[in-house]
Amino acid sequence: MIWNSVPAMTAIDLLVIGGSIFSLRYFWTKRARLRQAKSQFGALLILIGLFVFGALFLTDLFVMHAVPRIWPETDWMALMTALHLELGWIVVPSGFGAIVMGSALIGRGLFRVVRALEGTKRSLTGELAAHERTEAALRGSEERIRRILEIAPEGVLLVDRD
């Protein structure tokens, strides 16, 4: 079993700690975008969840490698059991819950941004259509004036005072 394999447990701990650090760094670099989407609280919940996971697995790594050098094996195994069977049942669901709630809040914020962008797109599409209609009307008016000036029996002099 995995309980009996220190290298496998160490690899899993390092993988989770590395993933937590990478994710913490990623969310830290994206904080300005999250601020724009008004999803800071969601990002904070995700960061807390990731920190909780990282701290649990870092503690597990410490208990697995450092504590056996200090304490007798019976005390060390009791600490390891308490960490995994008692504390793990509190930490893992709370960390996972924070990540899920944070993700939902970020999703809601992003949905608001997308909805606002769709409204802006509709408004810009309407303005563009109005500009195109105005352009077409100006072209038609210019063509009518050109035809009138071409067939006019008198000469027309246009003076630009600038």
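Refer to the preceding data block for the structure.
In this text the structure is predicted, and so the values were computed from the model without any measurement.

So, how was this worked out
- Residues numbered from 1 in each chain as written.
- Predicted model: local features only at pLDDT ≥ 70, side-chain atom pairs only at ≥ 80, totals over all residues.
- Heavy atoms only, no water.
- Core = buried A, V, L, I, M, F, W, Y, C linked by side-chain atoms within 4.5 Å.
- Buried < 20%, exposed > 50% of the residue type's maximum accessible area, 1.4 Å probe, protein only.
- Helix = DSSP H or I, 4+ residues; strand = E, 2+ residues; numbered from the N terminus.
- Contact = heavy atoms within 4.5 Å.
- Patch = residues over 30% accessible without salt bridge, like charges linked within 9 Å, V, L, I, M, F, W, Y side chains within 5 Å.
- Areas by Shrake-Rupley, 256 points an atom, 1.4 Å probe, with all protein chains shown as cover.
- Salt bridge = Lys/Arg side-chain N within 4 Å of Asp/Glu carboxyl O.
- Lys, Arg positive; Asp, Glu negative; His and termini not counted.
- Charge placed at Lys NZ, Arg CZ, Asp CG, Glu CD.
- Axes fitted to C-alpha atoms, helices over the stretch in contact; angles between N-to-C directions.
- Parallel < 35°, antiparallel > 145°, perpendicular 65-115°, else oblique.
- Left-handed = near helix turned anticlockwise from the far one by under 90°.
- Nonpolar A, V, L, I, M, F, W, Y, C, P; charged D, E, K, R; others polar.

1. Examining the nonpolar core
Then, in step 1: Counting residues in each nonpolar core, the largest one holds 20 residues, and the members touching the most others are F27, V63 and I106.
Then, in step 2: When residues of this core are traced back to their parent elements, those giving at least two are α1 (6-29), α3 (40-65) and α5 (73-151).
Then, in step 3: Among the elements that line this core, the one with the most residues is α3, at nine residues.
Then, in step 4: Contact partners of V63, with chain neighbours within four places excluded, come to P68, W76, L79, M80 and L83.

2. Considerations on a positive patch on the surface
Then, in step 1: On the surface, a cluster of positive charge is contributed by K38, R108, R112 and R115.
Then, in step 2: Tracing the chain through its elements places R108 in helix α5.
Then, in step 3: In this structure R108 comes out as partly exposed when scored by relative accessible area, which is 48%.

3. Observations concerning the environment of V63
Then, in step 1: Residue placement: V63 occurs in helix α3.
Then, in step 2: Assessed through its relative accessible area of 4%, V63 is described here as buried.
Then, in step 3: As for V63 and L79, which are separated by 16 residues in sequence, their C-alpha atoms are 7.6 Å apart.

4. Details of the pattern of salt bridges
Then, in step 1: If you walk through the whole model with that rule in mind, you get four salt bridges.
Then, in step 2: For the salt bridge of R146 with E142, the shortest nitrogen-to-oxygen distance reads 3.0 Å. Of the two residues, R146 and E142 are both situated in helix α5; the distance of four residues between them amounts to about one turn of the helix.
Then, in step 3: Residue classification places E142 among the partly exposed residues on the basis of a relative accessible area of 44%.
Then, in step 4: Across the pair R147 and E143 runs a salt bridge, and its minimum N-O distance is 3.9 Å. Linking R147 with E143, this pair stays in helix α5, spanning four residues, or about one helical turn.
Then, in step 5: Looking at R147, the relative accessible area reads 45%, which means it is partly exposed.
Then, in step 6: Using a relative accessible area of 35% as the deciding quantity, one classes E143 as partly exposed.

5. Some thoughts on the packing of α1 against α3
Then, in step 1: Interhelical geometry of α1 versus α3 gives an angle of 155° and a closest axis separation of 9 Å. Regarding the angle of α1 to α3, the classification is roughly antiparallel. Both α1 and α3 take part in a crossing whose hand is left-handed.
Then, in step 2: Tallied by class, the residues present in the contact of α1 with α3 amount to 18 nonpolar, five polar and two charged.

6. Description of the side chain of D13
Then, in step 1: In this fold, D13 is placed in helix α1.
Then, in step 2: Here D13 sits buried without a salt bridge, and the closest side chain of opposite charge, R69, lies 14 Å off (N-O distance).

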